[in-house]
Amino acid sequence: MLVLGLDTSNYTTSAAVFDGTAGDYASHLLDVRPGELGLRQSNALFQHVKRMPELLERFSEEGKLAEIEAVGASTRPRAVEGSYMPCFLAGESQGRGIAAALKVPFYSHSHQQGHLAAAAWSAGRLEMLDAPFLAWHLSGGTTELLLVKPERFTVTAEIIGGTSDLSAGQLIDRTGVLLGLQFPAGKALDGLYAQADACYEPRVKQKDLTFSLSGMENQVKKLVEQGEKKANIARFAIDAVSNVVWRTTEEAQRRYPGLPVLCSGGVASNSQLREGLSSLCGAVFAQPQFSTDNAMGTAVLTWRALEAAHREES
């Protein structure tokens, strides 16, 4: 069985095909003007509508759409009532249209569910979706610690911790823009980290499994005003995120003993964060190319949904 998955987040247009074992994806990062911190939804929606056909044409030319048996798309940020973002209409509308034209089923997923599935699959741990686990969703707009449980072919995710204000990705991207780097700035800050020659000790406010990163943004601004070296500022921002995620993970494992930890989202591709969590608890990470927004998880969940439907029919 071959399925097609689509994802149109606020930063990336992507499409993926999956056959139950292997898959392929194509993506295009949305254009953000230098110095800006993201896109308006109307702009993101316009770019998705323009870019998605180009990705699908590539798959068609490679013969990867000829035997599609189901189509899925991310239709909302999270699988909870009221979760909505206009940019997902691009993937949903094109996905429903393709499914109708091919006379195959269409499956709706959340962007967050797709992140979790992409992380588990790319780490070679797809079986994690069939039992409870802890998960970090660390991205430009989300910093959530989740208690994830299986539900038929997909998963449910309960927020048990994370940031109370600024997301990890926002802190990193805003730091990058202050340093004159292109948005999104995660890879550039990661590259600067090794060049740092000073180590500050970020003091992130934390209570139980919740923490605040807004104070760290103020500290970054002060360092910039003081003329601190860019690499040292980059290290400060990354250490602020990494250290509090490590501490929060330790506390979560005390409260939920025995559960493995899965990390997804673009911030989870940071090398310092990955190294620390791997040593701390053997955390499972997506491969870097599947940590950022991508449709592979959507395709994986679509394949699982189709497989479940076939089982119910037999």
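Now for a look at the structure at hand. Numbering of residues starts from 1 in each chain and follows the order in which that chain's sequence is written. Local features in a predicted model are, by the rule used here, given only for residues with pLDDT of at least 70; side-chain atom pairs are given and counted only at 80 or more, and totals for whole chains, interfaces and linings are based on all residues. The basis for every side-chain value is the complete set of non-hydrogen atoms in the structure, without hydrogens or water.

Compared with an ideal rise of 1.5 Å per residue, which puts 15 residues at 21 Å, helix H2 (residues 88–102) spans 21 Å between its outermost C-alpha atoms and is within 8% of the ideal. It only takes one pair of heavy atoms within 4.5 Å for two residues to be counted as in contact. The way it works is that DSSP assigns letters per residue, a run of H or I at least four long becomes a helix, a run of E at least two long becomes a strand, and they are numbered from the N terminus. Summarising the contacts, the buried residues of H2 are in contact with strand S1 (2–8), helix H1 (41–61), strand S4 (68–76), strand S5 (106–110) and helix H3 (111–122). To estimate how far a helix should extend, the number of its residues minus one is multiplied by 1.5 Å.

Before going further, it helps to examine the layout of surface pockets. Note on definitions: the grid is 1 Å and covers protein atoms alone; a cavity is a set of points where a 1.4 Å probe fits but cannot get out; a pocket is an open set with protein on both sides within 12 Å along at least five of seven lines; lining residues have an atom within 4 Å of a point. Grid points are joined across faces, edges and corners, and a volume is the space filled by probe spheres set on the points. Its boundaries defined by the atoms lining it, the largest pocket holds a volume of some 1200 Å³. Around the largest pocket sit 43 residues that line it, and Tyr11, Gly140, Pro184, Gly266 and Asp293 are the ones nearest its centre. Elements that contribute at least two residues to the lining of the largest pocket include exactly strand S3 (23–29), H3, helix H4 (168–178) and helix H5 (186–193). The element contributing the most residues to the lining of the largest pocket is H4, with 5 residues. Gly is put with the polar residues, along with every residue not named as nonpolar or charged; the nonpolar set is Ala, Val, Leu, Ile, Met, Phe, Trp, Tyr, Cys and Pro, and the charged set is Asp, Glu, Lys and Arg. Grouping the amino acids of the lining of the largest pocket by side-chain chemistry returns 15 nonpolar, 21 polar and 7 charged.

Across the 11 residues that make up H4, a large majority, 8, are buried. Relative accessible area decides the class of each residue, using a 1.4 Å probe on protein chains only: under 20% of the type maximum gives buried, over 50% gives exposed, and in between gives partly exposed. Of all the residues in H4, the buried ones are Ala168, Gly169, Leu171, Ile172, Asp173, Thr175, Gly176 and Val177. Looking at the buried positions of H4, the neighbouring elements they touch are strand S7 (143–151), H5, helix H6 (214–225) and helix H7 (230–255). One or two steps after H4, the chain reaches Gly180, where phi turns positive at roughly 85 degrees.

Under the definition given, this model contains 1 cavity of 30 Å³ or more. By volume, the largest cavity is sized at about 30 Å³. Ile172, Ile238, Val241, Ser242, Val267, Asn270 and Leu273 together form the lining of the largest cavity. At 3 residues, H7 tops the list of elements feeding residues into the lining of the largest cavity. Classifying every residue of the lining of the largest cavity by side-chain character gives 5 nonpolar, 2 polar and no charged.

Once that is clear, we can look at the pattern of salt bridges. Whenever Lys or Arg places a side-chain nitrogen within 4 Å of a carboxyl oxygen from Asp or Glu, that contact is recorded as a salt bridge. Under the definition given, this model contains 18 salt bridges. Residue Asp208 is joined to Arg255 by a salt bridge in which the shortest nitrogen-to-oxygen separation is 3.1 Å. Linking Asp208 in the loop between strand S9 (205–207) and strand S10 (210–212) with Arg255 in helix H7, this pair joins segments that are 47 residues apart in sequence. In this structure Asp208 comes out as partly exposed when scored by relative accessible area, which is 45%. The shortest N-O distance in the salt bridge between Arg311 and Glu307 comes to 3.4 Å. Residue Arg311 and its partner Glu307 are located together in helix H9 (residues 296–313), separated by 4 residues, close to a single helical turn. Three or more residues are tied together by salt bridges with common partners; here these are Asp24, Arg58, Glu62 and Lys64.

Glancing now at the nonpolar core. By size, the foremost hydrophobic cluster in this structure holds 43 residues, and its most contacted members are Trp136, Leu171, Leu213, Val245 and Cys263. Elements with a minimum of two residues in this core: strand S6 (133–138), S7, H4, H5, H6, H7, strand S11 (261–264) and helix H8 (271–281). A total of 11 residues in this core trace back to one element, the largest contributor, which is H7. Counting residues in hydrophobic clusters, the runner-up holds 32 residues, among them Ala16, Ala120, Leu262 and Met296. Only buried residues count toward a nonpolar core, which is a set of Ala, Val, Leu, Ile, Met, Phe, Trp, Tyr and Cys residues joined through side-chain atoms within 4.5 Å.

Counting buried positions over the 6 residues of S6 gives 6, a clear majority of the element. Neither face of S6 is exposed, since Phe133, Ala135 and His137 on one face and Leu134, Trp136 and Leu138 on the opposite face are all buried. Two strands qualify as a pair provided DSSP detects at least 2 bridges between them. As paired elements, S6 and S7 share 6 bridges and run antiparallel to each other. Residue pairing for S7: His137 is matched across the bridge by Glu144. With antiparallel pairing between neighbouring strands as the criterion, S6 and S7 make up a hairpin whose turn holds 4 residues. When S6 meets S11, the two strands line up parallel, connected through 4 bridges. From the neighbouring strand, Ala135 faces S11, where its bridge partner is Leu262.

What follows is about the environment of Asp19. Structurally, Asp19 is set in the loop between strand S2 (12–18) and S3. Given a relative accessible area of 38%, Asp19 falls into the partly exposed group. C-alpha separation for the pair Asp19 and Glu36, spaced 17 residues apart in sequence, amounts to 39 Å. Those residues within four positions of Asp19 in sequence are excluded, and the remaining contacts are Met1, Leu2 and Trp303.

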